[in-house]
Amino acid sequence: MELFSTDILLLLALIAAGFISAFIDSVVGGGGLISLPVMLLTGLPPTVALGTNKLAAIAGVLTSSTTFWRRGMVEKKLVVYLLPLAFLSSMLGSYVIMQIASFAFEPVIIGALVIVALVVLFKKDWGGQSTYRGRSRNVWLAAMLTAAGCAFYDGFIGPGTGSFMMMAFVAMGFDFVQAAGNSRCLNAASNCGSLVFFLLWGQVHFGYGLAMALGMVAGGYAGARTAMVRGSGFVRLLFLLIVGALIIKLAWGYWGA
């Protein structure tokens, strides 16, 4: 397998897909809904597509998480302690996906996304304003479970990770923008852990990954800035649209295809 590509049109398409997916991912998560299927369309084997997508995604998520961090939209004293946990949990998830098929788990994921979407849809004031009151024991426990569980899922399958993380932080009392900042930082750690695993197993196509990464750098920055400027109402609306698209995509892949 060639590690680099000279197909200019394909590389340009990967750059464009990277921008769009990173823009969405930096605001509400779910960018893998776009980037992973595009990577699979290049003809890469599934595990190589997963690894290559992680290489590309790390560029976008690092850009967006840095932007949120610098703008003070991250609970730094909470998140910084969770980064190693997210890193290791993601590596474990990637190891498991190399051993078993993920197909049997998709109905559970679809059901969870439906529940999340219904809660956000009917609780219109949820995540609109921050009610976070500090790092209590319950917050620490919930944050650790979020970091471990969502990072494992990120390494295992991936699509929807950012959305699940965001909802967990909203449930802890953060508004949508703060929840996006926290989840972006943890998602950066989980992407790094998964990428390290796939690199060790030789499951990365550098040409395709670096091309998409170029678009993701710009998309991650633009998405993070948009979220902070437009506020929680915009993030909530985009969240519902992306989660709805995730549900349709996963359901069609499981029951319709």
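Figured I'd write up the structure that's included with this text. (Residues numbered from 1 in each chain as written. Predicted model: local features only at pLDDT ≥ 70, side-chain atom pairs only at ≥ 80, totals over all residues. Heavy atoms only, no water.)

**As for the overall build of the protein**
Turning to step 1, where the next piece is worked out: Regarding its fold elements, the protein presents 10 helices and 0 strands.
Turning to step 2, where the next piece is worked out: Ordered by position in the sequence, the α and β elements of the protein form the string α-α-α-α-α-α-α-α-α-α.
Turning to step 3, where the next piece is worked out: Across the 257 residues of the protein, 54% fall into the buried class.
Turning to step 4, where the next piece is worked out: With an accessible surface of roughly 11500 Å², the protein has 70% of that area assigned to carbon and sulfur atoms. (Helix = DSSP H or I, 4+ residues; strand = E, 2+ residues; numbered from the N terminus. Buried < 20%, exposed > 50% of the residue type's maximum accessible area, 1.4 Å probe, protein only. Areas by Shrake-Rupley, 256 points an atom, 1.4 Å probe, with all protein chains shown as cover.)

**Overview of empty space enclosed by the protein**
Where empty space is left becomes clear once a probe the size of a water molecule has been rolled over the atoms.
Turning to step 1, where the next piece is worked out: For the structure on display, the rule yields 1 cavity of 30 Å³ or more.
Turning to step 2, where the next piece is worked out: Considering only enclosed or pocket space, the largest cavity measures out at about 260 Å³ in volume.
Turning to step 3, where the next piece is worked out: Lining the largest cavity are 27 residues, with Asp25, Gly31, Gly32, Asn53 and Ala57 sitting closest to its centre.
Turning to step 4, where the next piece is worked out: It is helix H3 (residues 46-70) that provides the largest number of residues to the lining of the largest cavity, a total of 7 residues.
Turning to step 5, where the next piece is worked out: Among the residues forming the lining of the largest cavity, the class breakdown is 8 nonpolar, 15 polar and 4 charged. (1 Å grid on protein atoms, 1.4 Å probe; cavity = no way out; pocket = protein on both sides within 12 Å on 5 of 7 lines; lining within 4 Å. Points joined across faces, edges and corners; volume = space filled by probe spheres on them. Nonpolar A, V, L, I, M, F, W, Y, C, P; charged D, E, K, R; others polar.)

**What about the side chain of Ser90?**
Turning to step 1, where the next piece is worked out: Structurally, Ser90 is set in helix H4 (residues 76-99).
Turning to step 2, where the next piece is worked out: At 2.5 Å, the side chain of Ser90 and the backbone oxygen of Ser190 are in polar contact. (Polar contact = N/O pair within 3.5 Å; in protein donor to acceptor, adjacent residues only side chain to side chain.)

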